[in-house]
Amino acid sequence: MKRFVLLNRHVLAVMENEWAQLIRNRVVVYTTVIPTFLLVALAVSVVVLSSVVDLSHEAINKTAGGLLQTVPGIEDVFLQGADRLRASLLSPFLVLFQIIPLVVPITIASYSIVGEKQQRSLEPLLATPIKTWELLLAKALSAALPGVLSTWWGFAVFLAVARIFTSDTVYNKLLLSPTWIFAIVLLAPLFTLLAVGLGIIISSRVKDPNSAQQLGSLLILPVIGLLVAQISGAVRLSTPFVLSIAFGVALLDAILLIVAVRLFRREEILTGWH
Amino acid sequence: MYSITAEGLGRKFGDRWAVRDLNLQVKSGEVFGLLGPNGAGKTTTMRMLASLIAPTVGSATVCGFDVVKQPDDVRHSLGILSEPAGLYENLSARRNLEYYAKLYDLKPSFAKSQIERYLRLFDLWDRREDAAGTFSRGMMQKLSLARSLLHEPPALILDEPTSALDPEGAKLVRDSIAALQDEGRTIILCTHNLTEAQLLCDRVAIIKRTALRVGTPRELQRSLYGRQVEIRVANALPEMGDSALFDAMLGRTMNDLALLISPIKGVGDVAVSGDHLLVSLLDPDEVTPRVVRTLVQHGADILKVAEVEHTLERAYLDLIARQDQADESLALQEVAPVGR
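Note that the structure is predicted; figures quoted are calculated from it, not measured.

> What am I meant to see in helix H11 (residues 284-297) of chain B here?
Because the α-helix completes a turn every 3.6 residues, residues three or four places apart line up on one side. Residue and element names in this part refer to chain B. With 14 residues, H11 ought to run about 20 Å at 1.5 Å a step, and its terminal C-alpha atoms sit 19 Å apart, in line with that. For H11, the set of buried residues is Pro284, Val287, Thr288, Val291 and Leu295. Projection of H11 onto a plane perpendicular to its axis shows the buried side chains occupying an angular sector of 110 degrees, all on one side. Turned more than 90 degrees away from the buried face of H11, the exposed residues are Asp285, Glu286, Pro289, Arg293, Val296 and Gln297.

> What should I look at first to understand the packing of helix H10 (residues 254-261) of chain B against H11 of chain B in this one?
Helices that pack against each other are described as a pair by the angle of their axes relative to one another and the distance between those axes. All names here are of chain B. Their axes nearest at 10 Å, the elements H10 and H11 cross at an angle of 130 degrees. Classified by the angle their axes make, H10 and H11 are oblique. Note on packing geometry: the crossing formed by H10 with H11 is right-handed. Contact with H10, carried on its side by Leu257, Leu260 and Ile261, involves Val291, Thr294 and Leu295 of H11 and no other residues of that element. The class makeup of the residues in the contact of H10 with H11 is five nonpolar, one polar and no charged.

> Teacher, can you tell me more about the sheet that holds strand E9 (residues 203-208) of chain B here?
Picture the strands of a sheet paired through backbone hydrogen bonds; they go either parallel or antiparallel. Residue and element names in this part refer to chain B. An order of E6-E7-E8-E3-E9-E10 is seen for the six strands of this open sheet, with the pairing classed as mixed. Here the strands that pair on one side only, and so sit at the sheet edges, are strand E6 (78-81) and strand E10 (210-215). Across the sheet, the axes of successive neighbouring strands diverge by a mean angle of 15 degrees, strand direction being ignored. As paired elements, strand E3 (residues 31-35) and strand E8 (residues 186-190) share four bridges and run parallel to each other. Paired with Phe32 across the bridge in E8 is Ile188. Packed onto the sheet, helix H1 (residues 42-49) meets E3, strand E7 (155-159), E8 and E9 and runs at close to 155 degrees relative to E7.

> Looking at this model, I keep getting lost on the interface of chain A and chain B. Mind explaining?
Where interface size is given, it is often the accessible area lost as the parts come together that is meant. On the side of chain B, 25 residues touch chain A, which itself brings 22 residues to the contact. Mapped by element, the contributors of at least two residues to the side of chain A that touches chain B are helix H1 (9-22), helix H7 (122-126) and helix H14 (266-272) of chain A. Of the residues forming the side of chain A that touches chain B, the biggest block, six residues, is contributed by H1 of chain A. Residues that form the side of chain A that touches chain B fall into these classes: eight nonpolar, eight polar and six charged.

> Quick question: what am I supposed to make of helix H9 (residues 168-175) of chain A here?
Residue and element names in this part refer to chain A. When we look at burial in H9, the residues that qualify are Val170, Leu174 and Leu175. Down the axis of H9, the buried side of the element spans an arc of 70 degrees, and every buried residue falls inside it. On its buried face, H9 sits against helix H4 (82-90), helix H8 (132-165) and helix H10 (178-203).

> What should I look at first to understand the packing of helix H2 (residues 26-50) of chain A against H4 of chain A in this one?
All names here are of chain A. Two elements in contact, H2 and H4, have axes separated by 10 Å at closest approach and are oriented at 170 degrees. The angle between H2 and H4 falls in the class roughly antiparallel. Read as a crossing pair, H2 and H4 show a hand that is right-handed. Residues Val46, Val47 and Ser50 of H2 form the contact with H4, whose participating residues are Leu85, Arg86, Leu89 and Leu90. Of the residues belonging to the contact of H2 with H4, the class tally is five nonpolar, one polar and one charged.

> Mind showing me how you'd approach unusual backbone geometry here?
Residue and element names in this part refer to chain B. Looking along the chain, the bond that leaves Glu83 and enters Pro84 is cis, with omega of 5 degrees. Here Pro84 lies in the loop between E6 and helix H3 (93-103). Even without being a glycine, Glu160 presents a positive backbone phi close to 50 degrees. Secondary-structure assignment places Glu160 in the loop between E7 and helix H6 (167-182). Classification of Glu160 as partly exposed rests on a count of 19 C-beta atoms within 10 Å.

> I tried to follow the sheet that holds strand E14 (residues 302-307) of chain B on my own but got confused; where do I start?
Residue and element names in this part refer to chain B. The strand order across the open sheet built from four strands is E12-E13-E11-E14, with neighbouring strands paired in antiparallel fashion. The open sheet has two edge strands with one neighbour each: strand E12 (267-273) and E14. In this sheet, adjacent strand axes meet at a mean angle of 20 degrees when their direction is disregarded. Pairing between strand E11 (residues 227-233) and strand E13 (residues 276-281): six bridges, direction antiparallel.

About the cut-offs
- Residues numbered from 1 in each chain as written.
- Chains lettered and ligands numbered in written order.
- Predicted model: local features only at pLDDT ≥ 70, side-chain atom pairs only at ≥ 80, totals over all residues.
- Helix = DSSP H or I, 4+ residues; strand = E, 2+ residues; numbered from the N terminus.
- Expected span 1.5 Å × (residues − 1).
- Buried ≥ 20, exposed ≤ 12 C-beta atoms within 10 Å, placed from the backbone.
- Arc of directions from axis to C-beta.
- Axes fitted to C-alpha atoms, helices over the stretch in contact; angles between N-to-C directions.
- Parallel < 35°, antiparallel > 145°, perpendicular 65-115°, else oblique.
- Left-handed = near helix turned anticlockwise from the far one by under 90°.
- Contact = placed C-beta atoms within 7 Å.
- Nonpolar A, V, L, I, M, F, W, Y, C, P; charged D, E, K, R; others polar.
- Pairing = 2+ DSSP bridges.

Dropping the structure here:
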């Protein structure tokens, strides 16, 4: 009996082919690397600047104001003086880091699938013995892995810089709090899957990658809304809150996966994708 | 032994039949032409045979494998050249082929030798590291043909293989098709180039949703026009009005000669065209000598006797025109008011 291997030769071949094409596509490289780089650079700058600005008690009260009430996942008892301001400045990055797993995969998925449609390469590809689940898995992984890895890479850089420029309290009780860890380790991959699923669905219905990318970018809006709610103090990003968002996103992922699997049938691709 | 078969094959999209009641039997080692106008169902037929879409009704096999029940075996046995080429344009020719070699489960060493073999065969070896997008359409077509041959399939479906090729490229591809046939491969050739079909195909099917006719190009012509002999006469006159007057003055007219041979057993229609008689015969081998003898006995000097070969193009156009007329009649009947 033939042994079932998830990451088999077909899947790896498609992934290798995807990435070989993507790194030759300047638009994809720019639209995935630049936002990630800018976001990480911003986060690192805030960490560094917060270590050198005036953090007197008066300044803290004057500038931080209500924000101090919304620092996620950390008890007030740990936040004293300058650390409270640092925490309030860094806490929005919990949400901002969620933009990376949305932007990167949707861009890659859009160019990958719409690119195949534009090059008319789907028919010869589907005429090979590749299974449609192998193709779907490979396309999804090709888009998802860079999304997850760039989020984790960005967060690792952020943590490394924060280790140097912030106090142990902020580092251990805020950045390594369960809220942040769940958000980065659990929520980011779930957002990636959401972006991939949506990218596949949108790409099956549009003719050019830009349209797919623009439609997919609407995904960022709820995250921006969450950021505004967090900054304005409307929501408090606690661990249960992050876990409940993760649960909701996981449900959405499951629905999108079912739709994507239906769209990724040979017949549907050849006759239903335009 | 048939390599590709279709029995009552049909495919419906919504309430419209793209292909209906299609029966084909393609012999092993045969080059079989699939001819038809745009929208005739050629692509749908190709896709059903390649296990890309499922038939609504009927069945088909490729190299003995059922296209519905054994799709993987069908795909391993079949190479497809699609139109357009469908290459990854920002990847090199070599990488394009390497990718497909992996998808066809070729062992790395075999894949490497196959890639070199076909890139050299199609004169692309020196451009192997160039992006496929920098190639001319002809080169892309050749690369696409190389891709379809990598896994050495016993059967091939080639869709417009010489379209967009310059004469040298087209000849190379035609020669390759002939060589592939010599290797014993079965080839289905979809083309609008009827001269090419006549040149390459052992048999053809003219399809418009269903197979209108199947046979060798000659069988097809004979089934449409019967067999005709063209006889050129040197000393007869063209029809000029009062034949009695001219008969008396100058001799027999072509029409007189036509009337002379019409009663001969085995002669069908006789048509006159200039100094030619076009004679339909049931069995030219038997009847032609009698016809020629009669003409000579009545003073005609025969310059040439030859069996008429109609082009495949003419047969194709006539068949499609007939089918169009039949479709129009059917449509008129369907919209005609029901009698009270």
